[in-house]
Amino acid sequence: MPNTCMSCGAPAEAGLYYCLDKTQSNWPGKKSTTLNLNFPICAECHAVSASRRGANVVIVIGIIISLLVCGLSAVAANSLSNQNALITIISAGTLFFISAMLFRWFARLINEKGLTPENKRRRRNLLKAGSVKQFKVPGTFDKTGFIDFQFENAPFAASFALLNRGKLL
Ligand SMILES: [Zn+2]
């Protein structure tokens, strides 16, 4: 690991990490593997990284309500549009999307409450600073595995690749 912050590039604070995770299912969908990796961050980024419990509750309730809205609109559109499947799917999908966006926006409002504009920017940068795009666990026949990361901070990506003998794409 480089000893700089994954998000802003400042010197990393020992013992502080930001976890990137990714869950992938194999082809038949029977087995899923989750990858949890900790990346170094600085004290300032860590201070704004936590999600509030209220926001997590909002997200969970939001998913449930969005699914309900999706189901109800499908029923409504189905009876109104003379069972035109395309209209049913499009209206249900659109309403699900709008509802989910509303709850996500509300959760972000809770998470950013009381943060200065600079800290809001820092938090948003951190949330999209890195991700695991895909990975492959070494298999029985094919013994090579890989992890594909994406980082917004180019110097961090370069030193991470160097330290892990990875390839910069
Ligand atoms: Zn930082």
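These figures come from a predicted structure and were not determined experimentally.

> Mind showing me how you'd approach the packing of aromatic side chains here?
What characterises a pair of aromatic rings is the spacing of the ring centres plus the angle enclosed by the ring planes. Using the criterion set out here, one finds nine aromatic pairs in the structure. Pairing phenylalanine 149 with phenylalanine 151 gives two aromatic rings, centres 5.7 Å apart and planes at 15°, and the pair type is stacked. Residue phenylalanine 149 is classed as partly exposed on the basis of its relative accessible area, which comes to 21%. Owing to a relative accessible area of 15%, phenylalanine 151 belongs among the buried residues under this scheme.

> How should I be thinking about the environment of isoleucine 87 in this particular structure?
Checked against the element boundaries, isoleucine 87 lands in helix 3 (residues 85–111). By relative accessible area, isoleucine 87 is classed as partly exposed at 43%. Between the C-alpha atoms of isoleucine 87 and alanine 74, which are 13 residues apart in sequence, the distance is 8.8 Å. If we ignore the near neighbours within four places in the chain, the residues touching isoleucine 87 are Ala77 and Ser81.

> Help me understand the coordination of the zinc ion in this model?
Reference geometry at the metal: tetrahedral coordination by four donors gives ideal angles of 109.5 degrees; octahedral coordination by six donors gives 90 or 180 degrees. Listed as protein donors to the zinc ion are Cys5 (SG), Cys8 (SG), Cys42 (SG) and Cys45 (SG); their distances from the metal cover 2.3 Å. Mapping the donors of the zinc ion onto the primary sequence gives the spacing C-x2-C-x33-C-x2-C. In this pair, cysteine 8 sits in the segment before strand 1 (17–25) while cysteine 45 sits in helix 1 (residues 43–47), placing the two residues 37 residues apart along the sequence. By relative accessible area, cysteine 45 is classed as buried at 0%.

Rules of the game
Residues numbered from 1 in each chain as written. Predicted model: local features only at pLDDT ≥ 70, side-chain atom pairs only at ≥ 80, totals over all residues. Heavy atoms only, no water. Phe/Tyr/Trp six-rings, centres within 6.5 Å; stacked < 30°, edge-to-face > 60°. Buried < 20%, exposed > 50% of the residue type's maximum accessible area, 1.4 Å probe, protein only. Helix = DSSP H or I, 4+ residues; strand = E, 2+ residues; numbered from the N terminus. Contact = heavy atoms within 4.5 Å. Donors = N, O, S within 2.8 Å, 3.2 Å for Na, K, Ca; no water.

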